[in-house]
Amino acid sequence: LFRSQPVQKMMNCTSTFLLFECPEDEELPPVSHGEPFTDRRSTFQAHLAPVVSPKQVKLVLNKLYENKKIASATHNIYAYRIHCENKQTFLQDCEDDGETAAGGRLLHLMQILDVRNVMVVVSRWFGGILLGPDRFKHINNCARNILVEHHCTLSRDDMPKHPGKNKKVKKDSKKHNDH
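Residues numbered from 1 in each chain as written. Predicted model: local features only at pLDDT ≥ 70, side-chain atom pairs only at ≥ 80, totals over all residues. Heavy atoms only, no water.

(A) Examining unusual backbone geometry more closely. A positive phi angle, near 70 degrees, is found at Arg41, a position not held by glycine. One non-glycine residue with positive phi stands out, namely Gln88, at about 55 degrees. Its location among the elements puts Gln88 in the loop between β6 (75-84) and β7 (89-95). (Helix = DSSP H or I, 4+ residues; strand = E, 2+ residues; numbered from the N terminus.)

Written out as structure tokens, the structure is:
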């Protein structure tokens, strides 16, 4: 059903995007673009689209890659989560596009925020200065900002009430003297 397009050469690096052709009956969802953020000449920009099928994920990627500026990004990191209500599970995946572990971190953020039926792509244009771990902070902050802006996250009241794995439940520290 799907044909791969040729691998594209971009900004002194080879990108291994696989672009797919999708059947015409699947509708392209609207794609929103966040504000670009620049740190030490590297620019980050998030893109968001509602998706309910893997075909729509491919349609969104194809649409984004039609934009020469986005296609020329050093990295286009993405993650998506599709809620399968009939099975009460999620269809989810992510792609680093050469930015090691960035896709997994982006997907983890989406899991924590309990995002459903959404795809986020964060484009990074490398500016020549290594950012170290700050690059992950910028990728996730761009993603979080666009998710919040488009009301894709749960409100604080809707979040689960259980403590996280690093939180400890306090116990009564009074000592009882039983004589």
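Okay, back to it.
(B) Spotlight on the pattern of salt bridges. A full pass over the atoms with the stated rule returns 8 salt bridges. Measuring nitrogen to oxygen at the nearest pair gives 2.7 Å for the salt bridge that ties Arg40 to Asp134. Remark: Asp134 occurs in helix α4 (residues 134-149) and Arg40 occurs in the loop between β4 (37-39) and β5 (42-50); sequence separation between them is 94 residues. Asp134 sits in the partly exposed class, given a relative accessible area of 28%. Its salt-bridge partner being Glu99, residue Arg135 comes within 2.7 Å of it at the nearest N-O pair. With Arg135 in helix α4 and Glu99 in the loop between β7 and α3 (102-112), this pair connects stretches of sequence that are 36 residues apart. Among the ionic contacts, a cluster of salt bridges with common partners joins Asp39, Arg40, Asp134 and Lys137. (Salt bridge = Lys/Arg side-chain N within 4 Å of Asp/Glu carboxyl O. Buried < 20%, exposed > 50% of the residue type's maximum accessible area, 1.4 Å probe, protein only.)

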